[in-house]
Structures are given as C-alpha cells and as structure tokens.
Amino acid sequence: MDYVIPPQDRALFKRCRRAWDLGARTRRNYEPTDDPRGIDVDRAVHDALAVYYFPGMWDWQPTIVLPLAREAFDRSIREQRKDSAPEREEDGLVEGARRLLESYFAWAPTVDRFAPIRVETDVDVQVPDPHAAGRDLVAPEGGAVRYRDRVDLLVIDEGGAYWAVDHRIVTGDWTDADQLLLDEGCLAWCWAWELSYPGMRIAGTIYNELRLDAAPTDHPPGPAPITARSPVSQHRRMYEPPTEAPHRPPGGPRLRQEATEAFRRTQIVRNDAELEEFGTRVALEALDMTDAELPLYPNPSPDNCARCEYRPPCIAMNERTDPDAILATSYRVRPPEPIEEGRLGGSTWSMGRGAAPPRFNRDDRDR
Ligand code: SF4
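These notes cover the structure that comes with them. (Residues numbered from 1 in each chain as written. Predicted model: local features only at pLDDT ≥ 70, side-chain atom pairs only at ≥ 80, totals over all residues.)

### Some thoughts on the overall build of the protein chain
Per the secondary structure count, the protein chain includes 12 helices and nine strands. In the protein chain, 77% of the contacts between residues at least 6 apart in sequence involve partners at least 24 apart. (Helix = DSSP H or I, 4+ residues; strand = E, 2+ residues; numbered from the N terminus. Contact = placed C-beta atoms within 7 Å.)

### Brief notes about the pairing of strand β5 (residues 162–170)
Direction of pairing for strand β4 (residues 145–157) relative to β5: antiparallel, over a ladder of four bridges. From the neighbouring strand, Val155 faces β5, where its bridge partner is Trp163. Counting the residues between successive antiparallel strands, the hairpin from β4 to β5 contains four residues, one of them, Gly160, with a positive phi of roughly 85 degrees. Pairing geometry for β5 and strand β6 (residues 202–211), over nine bridges, is parallel. (Pairing = 2+ DSSP bridges.)

### Considerations on the packing of helix α7 (residues 185–196) against helix α8 (residues 272–289)
One can describe the packing of α7 onto α8 by two numbers: an axis separation of 10 Å at closest approach and a directional angle of 90 degrees. Taken together, the axis directions place α7 and α8 in an arrangement best described as roughly perpendicular. Mapping the contact onto sequence places Leu187, Ala188, Cys190, Trp191 and Glu194 in α7 and Glu274, Leu275, Phe278 and Gly279 in α8. Taken together, the residues of the contact of α7 with α8 break down into six nonpolar, one polar and two charged. (Axes fitted to C-alpha atoms, helices over the stretch in contact; angles between N-to-C directions. Parallel < 35°, antiparallel > 145°, perpendicular 65-115°, else oblique. Nonpolar A, V, L, I, M, F, W, Y, C, P; charged D, E, K, R; others polar.)

### Quick look at helix α5 (residues 93–111)
Helix length check: α5, at 19 residues, gives a terminal C-alpha distance of 26 Å against a target of 27 Å (1.5 Å per residue), a fit within 8%. The largest bend in α5 comes to about 35 degrees, at Phe105, with the proline Pro109 one to four residues further on. When we look at burial in α5, the residues that qualify are Ala97, Arg98, Arg99, Leu100, Leu101, Ser103, Tyr104, Phe105 and Ala108. Contact partners of the buried residues in α5: α3 (41–52), α4 (62–83), β6 and β8 (263–269). (Expected span 1.5 Å × (residues − 1). Bend = angle between axes of the 7 residues up to and from the residue. Buried ≥ 20, exposed ≤ 12 C-beta atoms within 10 Å, placed from the backbone.)

### A closer look at the site of the ligand
Taken together, the residues surrounding the ligand are Cys16, Arg18, Ala19, Pro298, Asn299, Pro300, Asn304, Cys305, Cys308, Tyr310, Arg311 and Cys314. Among the secondary structure elements, those contributing two or more residues to the shell around the ligand are α2 (17–23), α9 (302–306) and α10 (311–318). Among the residues making up the shell around the ligand, the classes are represented as eight nonpolar, two polar and two charged. (Near = placed C-beta within 6 Å.)

### Let's talk about the pairing of β6
Burial runs high along β6: nine of the 10 residues are buried. Alignment of β6 against β8, held across seven bridges, turns out to be antiparallel. Looking across to β8, one finds that Asn208 is bridged to Arg265.

### Brief notes about helix α1 (residues 7–15)
If you check which residues of α1 are buried, you get Arg10, Leu12 and Phe13. Buried residues of α1 fall within an arc of 160 degrees about the axis and therefore sit on the same side. Along its buried surface, α1 packs onto β1 (3–5), α2 and α8. (Arc of directions from axis to C-beta.)

### Observations concerning the packing of α3 against α5
Look at α3 against α5: their axes get within 10 Å of each other, and the N-to-C directions meet at 30 degrees. Our classification of the angle between α3 and α5 gives roughly parallel. Where α3 crosses over α5, the handedness of that crossing is right-handed. From α3, Val41, Ala44, Val45 and Ala48 reach across to α5, where they touch Leu93, Val94, Ala97 and Leu101. (Left-handed = near helix turned anticlockwise from the far one by under 90°.)

Next up, the structure:
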C-alpha cells in the first residue's frame, strides 16, 4: 500500500508529532465533530482565479471571461453556504472579497506578462531515496512513498520560462521577503512538477498576494475596465519539449516585486540546489513518518497550540489519563476525500483549448 504525504500532513508533522499522530490521514485521522465551518473566501477567490486564468480562455475577451470568473466565486460561496453555520459568516467578508476580485481584474492585466499553462492541477510523485540515487523510497508495507499536492497555476513567460504561481489571500502586513524565500509550499510545486515531467524546468515561484483588508470600499461590484489580459498570448502546446538547457533565466535579480496597496506580485528564481535540498528534506521526513519506532512527543508552544485542534486529548495525555473518551465523543475519523467530478483543472478534464470551463453540478446545468 502506498504511503501518501499531502502538504497538510507534512506541515502538521513538522509542527508537532502528537498533533500529526492524531490528525494525519495516514495516522489516526481524527477531526473535531463540533467544527461548524465558516465561509472560506480564500477558496472562493481561488475558484474565481482558476477560471480567470483558465488556459483555454486566455485570449478570450474579458467581457466573456469576467462574468464566468464572477460566477465561479458566487458558486463557490453558494456551495459553501450549504455546509456552513450561518453564525460563522463574518459580516462583509464575502462582499469585501468580491470587491477585491473586481479590483484585481483591473490590476492583473498590468502585471500578467505570461500565459497560463495549467490551473488547479494535481501533482503526485514518488519520493526519491536520498541515500540511493535513481531509486525511490519504499513504504513499510511495500508500496511507494508519494507526495501529493495541487498547484494553483503554472505559467510560461515571454522568454519561455515556466513559473509556479501561488495565489495568497492575506490580511495585514505583506509577507516578509525572507519568509517567501523560505517558503516550501510553492517550492514543493516546482520540485514535484520537475519530477513528474523529466526535462521540464521550472524557473521559480510567483507569489500573487491579494490583501483582503485592503479591498476598496468604494468600488462597487461591476465590470472591470475592458483590456487585453496579457501581452503573452495563449500557449498552444501543453509543454515545450524537454530540453537539456535550463529554462531558468540567467542573471538578473533573484527576487522581483511590484505592489499596490491591495496586491503584490513577488517573483523568485529558484535554483537546482534549492529543489534538491527540498527533495532531501521531504525524503528524510518521510523516513521518519514511516518509522514504526518514531517517538511521538508533543511540541507545545503558544503558536503551535493556539491553532491546534487537538488540545483536549493532548492535555489528557499530558496528565497520563486516557484520551479515548474525549476522542470518542468530540472527534470522528475523517471520511474519505470526496471525488471531485469534473473539477476545473482536474486531470480528467481535457485542456479543451478554446472550450469553456465545465459546470460543476446538476443544479448549474439545469439553470
Ligand atoms: S496542543 Fe500543542 S502540544 Fe498538544 S498536540 Fe496540539 S500542538 Fe501539539
């Protein structure tokens, strides 16, 4: 049986082994039962941007694309409201995100000097063995050790270099530049993509930050100015053929930024050493995760514990009392991940160049 590492489980493992043991899908897989979900505007903005950057519509008129992107946002909010607790919906959050998107649609064409290749695409790779070149790690039960993630956006720039783009919905101050250089989320996409497509080189990462608390208050929802979306036209091929020559742009600054009050674009060139180092880290962590003798000590800290969903059973364990009663009454084992039929960007969905994105459910088809 394969051992699959999603980014959430890896983050939990690095934060606290006890929390990882309780919550990771490959471990006890508990989630709290009393966790009414609020509206996730981050998800809704991502859904809208997946349509905005859908490769097959890149050269379409904004008058056609923008209503589809807005509808993707609204559909996402509608779907989430079916499962969310009304009291968890924060006043103005959805409207603020909607205004932010409208403003983004006007700003993005001034900085998008690329064409999209793939949106919301899953990557699933076997983790190479750091101690044996040319081999992959093997799980204790004999299957593969896999890293599985979903890439927001892959683009190609004017010079033919590929970049992984991370849409980030943030509040407050911009992320520190050092934190972006240290970020592993988007770096993982570059590493996994190059493993998936040998010979294809990803030049680096682009952080596309949208500040929710800087959403304009006087920008009513409505059409953004009509403009060409990028000087780079739709890329007609899925990929450039693999080449020995790296696509990483030579010279020039490693980090480039351009920003307004509400949006910031940070482009960081990643080199081979960074990707190799990242791959080694993932592999060493995977060896620990699959070690049956791994000590599962807790790692309490104000930052770790403040956002932890497993504080009650953790406190019980610290007191050497049995946490099972708490786990039985306040937690449940997560159900399997639902299959997302016809998901935009999903591998079963043809690139359909020139085709509109799919509709997501029967209700939409009937409207
Ligand atoms: S409460 Fe803190 S120490 Fe306990 S499992 Fe959570 S993060 Fe770890």
